[in-house]
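Architecture and fold: a report
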Amino acid sequence: ASVDADGYLFKWQVFGARRPDVRFRLYRGDTKGVPMIDEPALSGSELRQSDLPPGTYVWQIGTRLVDEGDIIENWNAPETLIVSP
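Attention in this report is confined to the structure presented alongside it. (Residues numbered from 1 in each chain as written. Predicted model: local features only at pLDDT ≥ 70, side-chain atom pairs only at ≥ 80, totals over all residues. Heavy atoms only, no water.)

1. Here's the deal with unusual backbone geometry
Even without being glycine, Ala 41 reaches a positive phi, approximately 55 degrees. In this model, Glu 68 sits at a positive phi of 50 degrees, which is unusual for a non-glycine residue. Relative to the helices and strands, Glu 68 resides in the loop between β6 (55-67) and β7 (70-75). (Helix = DSSP H or I, 4+ residues; strand = E, 2+ residues; numbered from the N terminus.)

Right, here's the structure in full:
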């Protein structure tokens, strides 16, 4: 995650010959509640978010791939973002 004049930019990389669906989740505080942002099936490798109030956030990227009828889903370790006033 990085910050610039347009807001907060979250970036990730997906490896492999086949492109899985990417899901982005942003939580306020920790991952125990309902995410404040939940974007399924992203096609790119970044997401911009503006207007995050001060606080601690946790974000995660999940990938989902259907392979011969099986669903393979993986989530990265949560990353912390602290927004200062």
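Once the structure has been displayed, the description carries forward.
2. As for the sheet that holds strand β2 (residues 7-11)
Judged by pairing direction, the sheet is antiparallel, and its three strands sit side by side in the order β1-β2-β5 without closing on themselves. Two strands in the sheet have a free side with no partner beyond their single neighbour: β1 (2-4) and β5 (46-49). The average undirected angle you get between the axes of adjacent strands in this sheet is 25 degrees. Relative to β5, β2 is paired through four bridges, and the arrangement is antiparallel. (Pairing = 2+ DSSP bridges. Axes fitted to C-alpha atoms, helices over the stretch in contact; angles between N-to-C directions.)

3. Brief notes about the side chain of Gln 60
With respect to the secondary-structure elements, Gln 60 resides in strand β6. In this structure Gln 60 comes out as buried when scored by relative accessible area, which is 12%. In terms of polar contacts, Gln 60 uses its side chain to reach the backbone carbonyl oxygen of Asn 76, at 3.0 Å. Every residue in contact with Gln 60, bar those within four places of it in the chain, is listed here: Arg 23, Phe 24, Arg 25, Tyr 27, Thr 31, Trp 75, Asn 76, Ala 77 and Pro 78. (Buried < 20%, exposed > 50% of the residue type's maximum accessible area, 1.4 Å probe, protein only. Polar contact = N/O pair within 3.5 Å; in protein donor to acceptor, adjacent residues only side chain to side chain. Contact = heavy atoms within 4.5 Å.)

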